[in-house]
Amino acid sequence: MATLEIKDLHVEIDGKEILKGVNLSISTNEVHAIMGPNGTGKSTLASAIMGHPKYEVTQGEVLLDGENVLEMEVDERAKAGLFLAMQYPSEIAGVTNADFLRSAINARREEGDEISLMKFIRELDKTMEFLEMPEEMGQRYLNEGFSGGEKKRNEILQLMMIKPTFAILDEIDSGLDIDALKVVSKGINEMRGEGFGCLMITHYQRLLNYITPDHVHVMMQGKVVKSGGAELAQRLEADGYDWIKQELGIEEETVEAEA
Amino acid sequence: MTVETKLALSAEEVRSFSQSNNEPAWFADFRADALAKAAELALPTPDKTNITKWNFTEFPKHTVESAAYASLDSLPAEVAALIDVEGQQNLYIQRNNTPAFSKVSEELKAKGVIFTDIQTAVREHSDLVQKYFMTTAVKVDEHKLAAYHAALVNGGVFVYVPRNVIVEEPLQVVFVNDDTEASLFNHVLVVAEESSSVTYVETYVSTIEESKGLANIIAEVVVKDNAQVVFGAVDVLAKGFTTYVNRRANIARDGKIEWALGLMNDSDTISENISHLIGDGSVADTKTVVVGRGTQKQNFTTEVRHWGKNSDGQILKHGVMKDGAQSIFNGIGKIEHGATKANAEQESRVLMLSDKARGDANPILLIDEDDVTAGHAASVGRVDPIQLYYLMSRGISKAEAERLVIHGFLAPVVTNLPIEGVKKQLTEVIERKVR
Ligand SMILES: Nc1ncnc2c1ncn2[C@@H]1O[C@H](COP(=O)(O)OP(=O)(O)OP(=O)(O)O)[C@@H](O)[C@H]1O
Ligand SMILES: [Mg+2]
């Protein structure tokens, strides 16, 4: 079993504090969902864990099996087992999806032990078929001109090819039609198991109907303000966030407000 | 004001060179006349680069003798890598100034296609050459370098595709440079008659570290009505050359030219690539990629000039600058009066890999007609840190991520080169240059 522990994480962007002490612990074989209104720091948490260059961690730690990933370069974090499906994946012209994926896989392997082209293609074809992606997507340039839904599917393709220990999925369900949502969920459920833990950021119960979370957390004002089980998400779906705000005496939930 | 320039060769020397090549009288006169013009004409004036102190006239030798290649087995590795020895049907290799290997399929000959070195063409297809040689696309008296080129031409290729002939296989040309004293006054003349189609790919490859010579290269492409020409070029000339390279096309009604130019010289280079969209409905699609390194100074002018109605011009230019390299990227879309419904688009992007490098994207739109569409995008910047972050978040190292982004940035030309060996070589040259 592996664990990802986030301890008292404070994060600034352009000198403004966004995360104000996040605590969270995830183990493999668990799926956690993070919910919360817009602008409450969910993407910031994901970005800070992965090492986005704009986000500065001012306090706290993120431990992957006891090792502080905040001291690692972004690629080292990935190789240590972290993966982030981004809310807005980059487009990279001139680099085919397939070439990129092969580089990503080979980056994890020793020099001289690169994946054979045949094996790679087999695995890529199989995974793309599983995700109902047309074969030509492999030869398209990375995310370039992909529709919103295609980008999300492509993030899951990467997830399944790279097979990280912990995945953070930032609004992987946004902009997906119902068929795409099913396919993406199928991909994530396929990954579920002993060697895999997942933190899903979402606004919608719709995703959680397909992927039942073990834990649900609510973020407001740059902190996790409430945690519970799958039933918490259902309550949020039914009642919104006001009851939590009332319960906790929060008036303005975004990070703009003083905690 | 004109200043008489002392030139390296006299009129007598030029005439005797012409005679030693058994050139027809008109060509000897043409050379001598051009030489006189070269002495008087001014240099071209590429926008934003002052070349008055560059040496475009002095060189160690006008021509060097090199051995021909007895067979393709005797090619140096760098050259052999470019060629699909078995598959390539139509091939011309020039070694410095010497025609060194040539192969043309019987099928093409039977169709009346001419694909031969320029010296032979001047002798054997004198009328055709006379009709087009610096008469249509580039004029002898444009400036000093054009005239000097005309006087001293010592290599090149002639391609003639008759009416309605479709040349399926690409014509491949390799200009090998392995003599430090060689200068290249190569002239390429491609004439595509009405409704014909041809793909021509040339590679300049230096196998020497440093040259003492000049390169004054002109390629002219004449695209007749409804004809289509794909012109691919990869230039990898050694440092030390002073290079002037002018590639130009005239496109008639419904004709189309596609340029895919990988300009990878290590020399100081002035490159000019102009497409004249003369006919209605004519099209020019220009893709250029460049890598500058070391202390080289370069100027790349890409222009599409619209005369024809409904003409369409696309310019894509991507440059990578490292070390202390300096480059100017002039992109010019010019729409003449009367070219209604013309469309002029351009995109110029420069990627800076060092603080000391300089790269200026200089997009220019000159429009003399109301009923047209035009647009341009230009940018100069560094590798996008967010793109690097994205790639690195998949475990790819920073160096490899940068490599991917840079290759991707230069891919538009690589993917458009129709010969596998040339494509691979360009990728390798890019790899070597940006490392
Ligand atoms: N570059 C920036 N400069 C200043 N503030 C920023 C910057 N980037 C993000 N923020 C702010 O940080 C706060 C948290 O943003 P974040 O993207 O983490 O929210 P989120 O919870 O993911 O919201 P959503 O549900 O809309 O995706 C927001 O108020 C946002 O405006
Ligand atoms: Mg977000």
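Rules and cut-offs
- Residues numbered from 1 in each chain as written.
- Chains lettered and ligands numbered in written order.
- Predicted model: local features only at pLDDT ≥ 70, side-chain atom pairs only at ≥ 80, totals over all residues.
- Heavy atoms only, no water.
- Donors = N, O, S within 2.8 Å, 3.2 Å for Na, K, Ca; no water.
- Helix = DSSP H or I, 4+ residues; strand = E, 2+ residues; numbered from the N terminus.
- Buried < 20%, exposed > 50% of the residue type's maximum accessible area, 1.4 Å probe, protein only.
- Axes fitted to C-alpha atoms, helices over the stretch in contact; angles between N-to-C directions.
- Parallel < 35°, antiparallel > 145°, perpendicular 65-115°, else oblique.
- Left-handed = near helix turned anticlockwise from the far one by under 90°.
- Contact = heavy atoms within 4.5 Å.
- Nonpolar A, V, L, I, M, F, W, Y, C, P; charged D, E, K, R; others polar.
- Expected span 1.5 Å × (residues − 1).
- Polar contact = N/O pair within 3.5 Å; in protein donor to acceptor, adjacent residues only side chain to side chain.
- Salt bridge = Lys/Arg side-chain N within 4 Å of Asp/Glu carboxyl O.
- Buried area = accessible area lost by both parts, 1.4 Å probe.

**Section: the coordination of the magnesium ion (ligand 2)**
Residues and elements named next belong to chain A.
Thought 1: Coordination of the magnesium ion (ligand 2) by the protein involves Ser-43 (OG) and Gln-87 (OE1), with metal-donor separations of 2.0 to 2.3 Å. Residue Ser-43 is found in helix α1 (residues 42-50), and its partner Gln-87 is found in the loop between β6 (82-85) and α3 (97-107); the two are separated by 44 residues along the sequence.
Thought 2: Relative accessible area serves as the criterion here: at 18%, Gln-87 is assigned to the buried category.

**Overview of the packing of helix α2 (residues 25-40) of chain B against helix α7 (residues 144-152) of chain B**
Residue and element names in this part refer to chain B.
Thought 1: In contact at an axis separation of 7 Å, α2 and α7 are set at 150° when each is read in the N-to-C sense. The orientation of α2 with respect to α7, classified from their angle, is roughly antiparallel. At the point where α2 passes α7, the crossing takes the left-handed sense. Contacts between α2 and α7 involve Phe-30, Arg-31, Ala-34, Leu-35, Lys-37, Ala-38 and Ala-39 from the former and Lys-144, Ala-147, Tyr-148, Ala-150, Ala-151 and Leu-152 from the latter.
Thought 2: Residue composition of the contact of α2 with α7, by class: 10 nonpolar, no polar and three charged.

**Side note on helix α5 (residues 148-162) of chain A**
All names here are of chain A.
Thought 1: For α5, with 15 residues, the first-to-last C-alpha span of 21 Å sits near the 21 Å given by 1.5 Å per residue.
Thought 2: With 13 of its 15 residues buried, α5 lies for the most part within the structure.
Thought 3: Note on α5: the residue one or two positions beyond its end, Lys-163, has a positive phi of about 55°.

**Comments concerning unusual backbone geometry**
Thought 1: At Asp-14 of chain A, a position not held by glycine, the phi torsion is positive, near 45°.
Thought 2: Tracing the backbone through its elements, the reader meets Asp-14 of chain A in the loop between β1 (3-13) and β2 (16-27).

**Some remarks on the environment of Val-383 of chain B**
Residues and elements named next belong to chain B.
Thought 1: Note that Val-383 resides in the loop between β19 (373-381) and α8 (385-392).
Thought 2: Given the relative accessible area of 10%, Val-383 is considered buried.
Thought 3: Dropping the residues within four chain positions of it, Val-383 is found in contact with Leu-351, Leu-353, Leu-388 and Val-405.

**As for the environment of Lys-61 of chain B**
Residues and elements named next belong to chain B.
Thought 1: Within the secondary structure layout, Lys-61 lies in the loop between α2 and α3 (77-80).
Thought 2: Given a relative accessible area of 39%, Lys-61 falls into the partly exposed group.
Thought 3: If near-sequence neighbours (up to four positions away) are discounted, Lys-61 is found in contact with Glu-181 and Ser-183.
Thought 4: A distance of 3.1 Å separates a polar atom in the side chain of Lys-61 from a polar atom in the side chain of Glu-181.

**What about the pattern of salt bridges?**
Residues and elements named next belong to chain B.
Thought 1: Per the counting criterion, the structure on display carries 38 salt bridges over all chains.
Thought 2: The partner of Lys-109 in a salt bridge is Glu-106, and the shortest N-O contact between them spans 3.4 Å. Pair noted here: Lys-109 and Glu-106 are both in helix α4 (residues 106-110), with a separation of three residues, about one helical turn.
Thought 3: Overall, the relative accessible area of 45% leaves Lys-109 in the partly exposed class.

**Examining the interface of chain B and chain A**
Put simply, an interface is often sized by how much accessible area is lost when its parts join up.
Thought 1: Opposite the 20 residues of chain B that make contact, chain A presents 33 residues.
Thought 2: Summing the contributions of chain B and of chain A, the shared interface buries around 1,900 Å²; its carbon and sulfur component is 66%.
Thought 3: Considering only the side of chain B, the residues that lose the most area to chain A are Tyr-389, Tyr-390 and Arg-394 of chain B, jointly responsible for 42% of the buried surface there.
Thought 4: Scanning the region where chain B abuts chain A turns up one salt bridge.
Thought 5: Residue Glu-155 of chain A is joined to Arg-394 of chain B by a salt bridge in which the shortest nitrogen-to-oxygen separation is 2.6 Å.
Thought 6: In this assembly, chain B and chain A are joined by eight residue pairs in polar contact (both at pLDDT 80 or more).
Thought 7: Elements with a contribution of two residues or more to the side of chain B that touches chain A: α8 and α9 (398-414) of chain B.
Thought 8: Grouping the amino acids of the side of chain B that touches chain A by side-chain chemistry returns 11 nonpolar, six polar and three charged.

**Considering the environment of Leu-82 of chain B**
Residues and elements named next belong to chain B.
Thought 1: With respect to the secondary-structure elements, Leu-82 resides in the loop between α3 and β1 (91-95).
Thought 2: The class for Leu-82 is buried, based on a relative accessible area of 0%.
Thought 3: Along the primary structure Leu-82 and Lys-423 are separated by 341 residues, whereas in three dimensions their C-alpha atoms are 8.4 Å apart.
Thought 4: Other than its neighbours up to four places away in sequence, Leu-82 contacts Gln-172, Val-174, Thr-203, Val-205, Ile-419, Gly-421, Val-422 and Gln-425.

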